[in-house]
Each structure stands twice: as structure tokens, then as C-alpha cells.
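# Structure assessment
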Amino acid sequence: MEKAKKARERDCYIKPIKAWKLMKAADEENMTTYIYGVTGSGKTSLVKHYMIRQKETYDLFDAETLCAEELKLPSVKTRRIVVIDNLHRLAWDNDEKLREAVLALIRREDIWLILSGRCPVLPWMSDARFREGFYVIDEELLFFSPKDVKRFTKAADIILTEEMERRLVGLFRGYPLAWYMLYQRIRENDKWRDWVSSIMRRYLSGHRIMCGTIWNFMCMTSGNRRCRSF
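One structure accompanies this document, and this report is about it. (Residues numbered from 1 in each chain as written. Predicted model: local features only at pLDDT ≥ 70, side-chain atom pairs only at ≥ 80, totals over all residues. Heavy atoms only, no water.)

Quick look at the environment of Q184 now. With respect to the helices and strands, the residue Q184 is situated in helix α8 (residues 176-188). A relative accessible area of 31% means that Q184 is categorised as partly exposed. Measuring from C-alpha to C-alpha, the distance between Q184 and A156 comes to 9.5 Å, with 28 residues separating the pair along the chain. (Helix = DSSP H or I, 4+ residues; strand = E, 2+ residues; numbered from the N terminus. Buried < 20%, exposed > 50% of the residue type's maximum accessible area, 1.4 Å probe, protein only.)

Have a look at this one:
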């Protein structure tokens, strides 16, 4: 039973086909990969599941606490994979040493560098992007398509009527986190509407990144008529 449960949880990850192909191409060409999108779009999951599938190990750094000294990595005979997460934190950071350390990794042939954050390619990386070449994966390549939704609901054993699926596809707009939250709540309790509503409302209040239709869905399911769209 426990093995079946773990297998089901693992299989619920829906591989974004186009993003995965770009990861594969970047891997084969050892070219810097820049992944960006809103929180919950699946950036970290893409990297994690790709590495698991390829049976690769990697060094993970968080830009929030990163310093230049940490990126002075010794040369190795075999390729090293380095992932820097939360790269958007460096958008307003004027630490020239840290910027140069990141650029130095981009230029190294013994390192496959994967950069992940919430914003498009940072301006101070533009020159390196065109000189060295980047594979860029944006959030549109990470969001669920209608076909992905069907794959997800099947893998997660979520039974929806055609009308429910149509409405959720339209309201969630492919946002992966919303679908995974729905799955987790259904697993825990069938009273998922209020739970998704309350969690997403807090999330939206903190990040203010989702479209008004999703906010309206949260209000609708909670019965709160005082909510308004962004």
C-alpha cells in the first residue's frame, strides 16, 4: 500500500514537454539554461525531476544567501552541474563580485549552469547570453495545457465532470500549483473548495501575481461576495 502511494505521488508530476526538450538540448550542448516564472509555476520541479530522470547530481545554491566565494569552484575532469535558485534576488543587488562569479560560471566549459528565478534574463547577463548562448524556458512552457490537465487528473485519480474540468481549466489558467494544491486537498479531505480558497487567497495577497479570474474563483468557492478582482 505504501509503495503504491509513493508511486502515485511520484507519477503525478506532469512533465512539461517543450520545457523538458529544451532542458535535454541544453544538457547535451552543455549550455546555460535560464528558467523563469512566477512562484509555483514548476521551475524547481522541472530541474529536480529532470535530474532524477537523468540520474544526475548537482550543486544547488540559493541567490538569497549566496556570496561570490561560494562560486569559486575548482575545475573538474567530469562535468559539474550547478543550479542557482531565486536568481531574481540579484536583479537589484549591486554586488559586482557576485555578478562576475556568476558570469564566470557561464563561461566555463566544465560546468552546466542552470539559473532559476521569477524574472526574465537579467540585464547584466545580456552580453553573456548572446556571446555564450542561453536556453531560456519561460513560465508559458511550464504551465499546464488542457492535455496536461487530463494527464494530471488521470495520474492523480481525480474524477471531474466535463463541466468541472472546463471551469477549472479556465480559472486556473494552467497554473501548476493550483492543480497540485487541489490534488493534495482531495487526498486529505473531500472538502477541498474552502481549503483551496483560503490558501490561494493568502497566497495571492502576498504575491499578487495571478489573474483576476482565479481570484474570482477563490471568492466564489468561499462564498465571499466582498472580494474584488485585481
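Attention shifts here to the layout of surface pockets. In this structure, the largest pocket encloses a volume near 360 Å³. Every element with two or more residues in the lining of the largest pocket is listed here: α3 (43-54), β4 (111-117) and α8. Of the residues forming the lining of the largest pocket, the biggest block, five residues, is contributed by α3. Class assignment for the residues of the lining of the largest pocket results in nine nonpolar, eleven polar and six charged. (1 Å grid on protein atoms, 1.4 Å probe; cavity = no way out; pocket = protein on both sides within 12 Å on 5 of 7 lines; lining within 4 Å. Points joined across faces, edges and corners; volume = space filled by probe spheres on them. Nonpolar A, V, L, I, M, F, W, Y, C, P; charged D, E, K, R; others polar.)

This next bit is on the sheet that holds strand β2 (residues 59-62). Here five strands make up an open sheet; going across it, the order is β2-β3-β4-β1-β5 and the pairing parallel. Both edges of this open sheet fall to β2 and β5 (135-137), since each of them pairs with a single strand only. Across the sheet, the mean angle separating the axes of adjacent strands is 15° when strand polarity is ignored. Where β2 lies against strand β3 (residues 80-85), four bridges are found, and the strand directions are parallel. Considered in β3, the bridge of F61 is made with I84. Lying over the sheet, α3 contacts β1 (33-36), β3, β4 and β5, oriented at roughly 150° with respect to β4. The sheet contacts of helix α4 (residues 96-107) involve β3 and β4, and relative to β4 the element is tilted by about 130°. (Pairing = 2+ DSSP bridges. Axes fitted to C-alpha atoms, helices over the stretch in contact; angles between N-to-C directions. Contact = heavy atoms within 4.5 Å.)

The subject of this paragraph is the packing of aromatic side chains. Here the structure, examined in full by the defined rule, presents ten aromatic pairs. Ring plane angle 15° and centroid distance 6.5 Å describe the contact between Y34 and F134, whose orientation is recorded as stacked. Linking Y34 in strand β1 with F134 in the loop between α5 (126-132) and β5, this pair joins segments that are 100 residues apart in sequence. A single burial state applies to Y34 and to F134, both of which are buried. Ring geometry for F172 versus W179: centroids 5.2 Å apart, planes at 85°, classification edge-to-face. With relative accessibility at 0%, the residue F172 sits in the buried group. An aromatic cluster is defined as three or more aromatic residues linked by ring pairs; in this entry it consists of F144, F152, F172, W179 and Y180. (Phe/Tyr/Trp six-rings, centres within 6.5 Å; stacked < 30°, edge-to-face > 60°.)

Turning to the environment of R129, a few remarks are in order. Its location among the elements puts R129 in helix α5. Contact partners of R129, with chain neighbours within four places excluded, come to V121, F134 and V136.

Purely spatial values, then, with no claim about function.
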